[in-house]
Amino acid sequence: MASLKGKDILHGNQFSKKDVEAIMKVASAFEKELKKKGSFSLLKGKLLATLFFEPSTRTRLSFEAAMQRLGGGVISMGSVESSSVAKGETLVDTTRTVSQYADVIVLRHPRTWSAREAADATPVPVINAGDGAGQHPTQALLDVYTISKELGTLKNLTVSLVGDLKHGRTVHALVEVLSLFRAKLYFVSPGLLRMPEEITANLKEKGIKIIETEDMMEAANASDLVYMTRVQKERFADLSEYERVKGSLIIDGGFLKSLKKKITILHPFPRVDEIHPDVDTYPGAAYFRQIRNGVFIRMALLAMIFGKR
Ligand code: NCD
């Protein structure tokens, strides 16, 4: 595979199938070793900076956990309000500044393509931890790692992606990676929240089979896996549109009872109401295991970016 050493991680389409397999292999080795050792000194002396211009729980903390488990250090911009961004500093100036202190930058920002802009402005690797309604490539990698662990394979899968496919950066990145493994895809959303035409057309051009529907039951019954997502309230220019579509696709106990087969359920979290807590004890509910896998994937990515794997 192409080495990740010194590379930026910006988009789900930057990986080959071999890259994804190599990253998952490293993640799996870390997962096993971590159970025995608890921590490593592989990245001793290296510093990671987290720059989050939007809320985050899992992505920021799992990157920080991954770096610290590898023996590296972490610095973090507390909040937009407490930084010079509040004084009007540009993203380029902020990331250039941080690149004077840290060896790698993890960035989350509300603007699409912001991670590319930051990467172009700085000499240190930039990892896109979510750029608006754009991409979230490290989430896509932890998602396929979870799928391969839960289902035992990435071959010949049928996957339903459900919810806000228009604004959801997790699904935008995930379909890129799933397309490498030739998954058949159901896109399940209300009409207002359909997958952007550009993404769908591009996948179809690659020969990926896509079925668009509003019927989650039909899609789930035909799928190995259902990937639920939150309706991204913060991306709506018109909140009355949000009110119209929120709560339209929900998995609860009743839904599970009507299903014809056992399925695996993932969700990048946070959830609002799209998966009822009753579902958490369903054996196929894999979202908390998915959250844990984020640490192993991010350990793998950091070790590889520093040329240590
Ligand atoms: C997602 C995100 O921020 O894009 N969360 C995550 O990183 N796990 C999903 C969301 O906000 O709905």
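Rules of the game
Residues numbered from 1 in each chain as written. Predicted model: local features only at pLDDT ≥ 70, side-chain atom pairs only at ≥ 80, totals over all residues. Heavy atoms only, no water. Axes fitted to C-alpha atoms, helices over the stretch in contact; angles between N-to-C directions. Helix = DSSP H or I, 4+ residues; strand = E, 2+ residues; numbered from the N terminus. Parallel < 35°, antiparallel > 145°, perpendicular 65-115°, else oblique. Contact = heavy atoms within 4.5 Å. Nonpolar A, V, L, I, M, F, W, Y, C, P; charged D, E, K, R; others polar. Pairing = 2+ DSSP bridges. Patch = residues over 30% accessible without salt bridge, like charges linked within 9 Å, V, L, I, M, F, W, Y side chains within 5 Å. Areas by Shrake-Rupley, 256 points an atom, 1.4 Å probe, with all protein chains shown as cover. Salt bridge = Lys/Arg side-chain N within 4 Å of Asp/Glu carboxyl O. Lys, Arg positive; Asp, Glu negative; His and termini not counted. Charge placed at Lys NZ, Arg CZ, Asp CG, Glu CD. Core = buried A, V, L, I, M, F, W, Y, C linked by side-chain atoms within 4.5 Å. Buried < 20%, exposed > 50% of the residue type's maximum accessible area, 1.4 Å probe, protein only. Domains from an automatic or database assignment. Near = heavy atom within 4 Å. Polar contact = N/O pair within 3.5 Å; in protein donor to acceptor, adjacent residues only side chain to side chain.

### Re the packing of helix α6 (residues 169-180) against helix α7 (residues 197-205)
In step 1: Between α6 and α7, the shortest axis-to-axis distance is 11 Å and the interhelical angle comes to 0°. One way to sum up the angle between α6 and α7 is to call them roughly parallel. Of the residues in α7, those in contact with H172, V175, E176 and S179 of α6 are I199, N202 and L203.
In step 2: The class makeup of the residues in the contact of α6 with α7 is three nonpolar, three polar and one charged.

### So, the sheet that holds strand β1 (residues 47-52)
In step 1: Read from one edge to the other, the open sheet built from four strands follows the order β2-β1-β3-β4, with strand pairing classed as parallel. The outermost strands of the open sheet, each flanked by one partner alone, are β2 (73-76) and β4 (126-131). Averaged over all pairs of adjacent strands, the angle between their axes in this sheet comes to 15°, without regard to strand direction.
In step 2: In terms of strand pairing, β1 meets strand β3 (residues 104-109) through five bridges, oriented parallel. Bridging from a neighbouring strand, L48 pairs with V104 of β3.
In step 3: Docked against the sheet, helix α4 (residues 114-121) engages β3 and β4, running at close to 160° with respect to β4.

### A short note on a positive patch on the surface
In step 1: Residues K32, K35, R69 and R292 make up a contiguous surface patch of positive charge.
In step 2: Inspection of the secondary structure assignment puts R292 in helix α11 (residues 287-305).

### Observations regarding the nonpolar core
In step 1: I23, L161, L185, F187 and L302 are the most contacted members of the largest nonpolar core, which totals 63 residues.
In step 2: With 10 residues, α11 is the largest single contributor of residues to this core.
In step 3: Viewed by domain, this core spans two of them, domain 1 (12-135 + 293-305) and domain 2 (137-291), each represented by three or more residues.
In step 4: Each residue touching I23, except ones within four places of it in the same chain, is listed here: L4, F15, L141, I297, A300, L301 and M304.

### Digging into the sheet that holds strand β9 (residues 264-266)
In step 1: Strand order in the open sheet made by the five strands is β7-β6-β5-β8-β9, with parallel pairing throughout. Of all strands in the sheet, those bounded by a partner on one side alone are β7 (210-213) and β9. Ignoring which end each strand starts from, the neighbouring axes of this sheet average 20° apart.
In step 2: Note that strand β6 (residues 184-188) and β7 share four bridges and pair parallel. If you follow Y186 over to β7, its bridge partner there is I211.

### Section: the site of the ligand
In step 1: Taken together, T59, R108, H136, Q139, R169, T170, R230, Q232, P268, F269 and P270 are the residues near the ligand.
In step 2: Taking R108, its side chain carries an N or O atom lying 3.0 Å from an oxygen atom of the ligand.
In step 3: For the ligand, an oxygen atom lies 2.8 Å from a polar atom in the side chain of H136.
In step 4: Out of a free accessible area of 320 Å², the ligand has 93% covered by protein chains.
In step 5: Split by residue class, the shell around the ligand holds three nonpolar, five polar and three charged.

### A look at the pattern of salt bridges
Between side chains of opposite charge, a pair can form as their charged atoms come close.
In step 1: Summed over all chains, the structure comprises 11 salt bridges.
In step 2: K206 is paired through a salt bridge with E176; the nearest N and O atoms lie 3.4 Å apart. With K206 in the loop between α7 and β7 and E176 in helix α6, this pair connects stretches of sequence that are 30 residues apart.
In step 3: For K206, a relative accessible area of 34% corresponds to the partly exposed category.
In step 4: Given the relative accessible area of 7%, E176 is considered buried.
In step 5: Of the charged contacts in the structure, one is a salt bridge between E212 and R194, with a shortest N-O distance of 3.0 Å. One end of the pair, E212, is in strand β7; the other, R194, is in the loop between β6 and α7, with 18 residues separating them in the sequence.
In step 6: Assessed through its relative accessible area of 32%, E212 is described here as partly exposed.
In step 7: One salt-bridge network, held together by shared partners, links E54, R169 and R235.

Remember, this is a structural readout, not a statement about activity or role.
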